[in-house]
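# Architecture at a glance
Chain by chain, the residues run as shown.
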Amino acid sequence: MIPFLHSLLAVASVSVPNIPDQHTGQLLTYKLIPGTTLKYRIQADVTASIPILDSKEPVDITATVKMVYLAKPKTKLKDGTSDIDFIVEPGSAEIEVAKIPFPVTDEQAKEILNQSVSMSKLGEVKNSSGLKPLPFADTIPGVDPRRLFALMFPIVFPDKAVSNGSSWTFKSELLGGPGMNPKFSATYLDLNVGNKAPKV
């Protein structure tokens with residue numbers, strides 16, 4: 001069973017998009033500036049039904065992952081593609097399964113979570129490097145903990161302008177695996193009434 005991940009997207013912060021023209025629709029992009037550091041406090045609440053150890057029957061479990069993630073854009077090409085270093089702030093990673101805390105050392109967090117990624121201005125990951133073998137068995141089917149950086153930019157925007165009520169689907173970098181092709185959907189809501197910012 002693929003974990004229930006609505007909460008993952010709900011808690012992740014999204015960079016403020018560039019909004020060029022309210023009359024012709026909005027072209028949504030991530031605004032990444034080389035040399036700056038973006039700081040995110042992430043909490044991922046996961047519910048899954050998986051076999052534990054030698055058990056053949058799946059067991060319902062809940063897990064919470066907390067961390068402070070730093071995104072450091074290094075370069076930016078003319079098409080908006082950025083090379084980004086994702087780094088976990090030392091001492092910030094916490095994992096709790098069934099309300100039982102599991103210690104995570106800074107070295108483990110660095111080995112698993114620190115990644116270098118090439119990402120388009122729309123949020124699509126074009127290339128990721130440094131994905132070393134996990135030091136433990138990946139027990140949640142379809143979820144790669146090395147790709148938790150995807151929670152910082154959880155939505156891949158379309159390559160055309162959108163207007164109020166526009167919806168689109170996209171693939172998540174976090175999910176995947178043999179025989180899996182998970183997709184997410186997003187809807188743009190123009191909340192200009194009352195001078196409120198638009199939301200996705």
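Structure: see above.
### Some words on the packing of aromatic side chains
In total, this model carries seven aromatic pairs according to the counting rule given. Measuring from ring centre to ring centre gives 5.0 Å for Y30 and F153, while their planes differ by 80°; the resulting arrangement is edge-to-face. Taken together, the positions of Y30 in the loop between α1 (6-11) and β1 (38-51) and F153 in the loop between β7 (125-129) and β8 (167-170) put the pair 123 residues apart, joining distant regions of the chain. We note that Y30, like F153, is buried. Ring geometry for Y40 versus F153: centroids 6.0 Å apart, planes at 65°, classification edge-to-face.

### What about the environment of T81?
Structurally, T81 can be placed in the loop between β2 (58-76) and β3 (82-88). Taking the C-alpha atoms as reference, T81 lies 5.6 Å from K121; in sequence the two are 40 residues apart. Within the structure, the side chain of T81 is placed 3.1 Å from the side chain of K126, a separation counted as a polar contact.

### A few points about helix α2 (residues 106-113)
Those residues of α2 that sit buried are A109, I112 and L113. The arc that holds every buried residue of α2, seen down its axis, measures 80°, which confines them to one face. Opposite the buried face of α2, by more than 90 degrees, sit the exposed residues E107 and K110. Against the buried residues of α2 lie β2, β3 and β6 (115-119).

Thresholds applied
- Counting of residues starts from 1 at the beginning of each chain's written sequence and follows it residue by residue.
- Only residues with pLDDT of 70 or above have their local features reported here, since the model is predicted, and side-chain atom pairs are shown and tallied only from 80 upward, although totals for entire chains, interfaces and linings are computed over all residues.
- Excluded from the side-chain calculation are hydrogens and water; included are all heavy atoms of the structure.
- Within 6.5 Å between ring centres, the rings of Phe, Tyr and Trp (the latter by its six-membered ring) count as paired, and their orientation is classed by plane angle as stacked under 30 degrees, edge-to-face over 60, tilted in between.
- Secondary structure elements are defined from DSSP: runs of H or I of at least 4 residues count as helices, runs of E of at least 2 residues count as strands, and each element is numbered from the N terminus.
- Categorising residues by exposure relies on relative accessible area from a 1.4 Å probe, with only protein chains included: less than 20% of the type maximum marks a residue as buried, more than 50% marks it as exposed, and the intermediate range marks it as partly exposed.
- Two N or O atoms form a polar contact when they lie within 3.5 Å of each other; inside protein one atom must be a possible hydrogen donor and the other a possible acceptor, and for residues adjacent in sequence the pair counts only when both atoms belong to side chains.
- Regarding the arc, it is the one traced by the directions from the helix axis to the C-beta atoms.
- Contacts: residue pairs with any heavy atoms within 4.5 Å of one another.

So, to be careful, I would describe these as geometric facts and stop short of saying anything about function.
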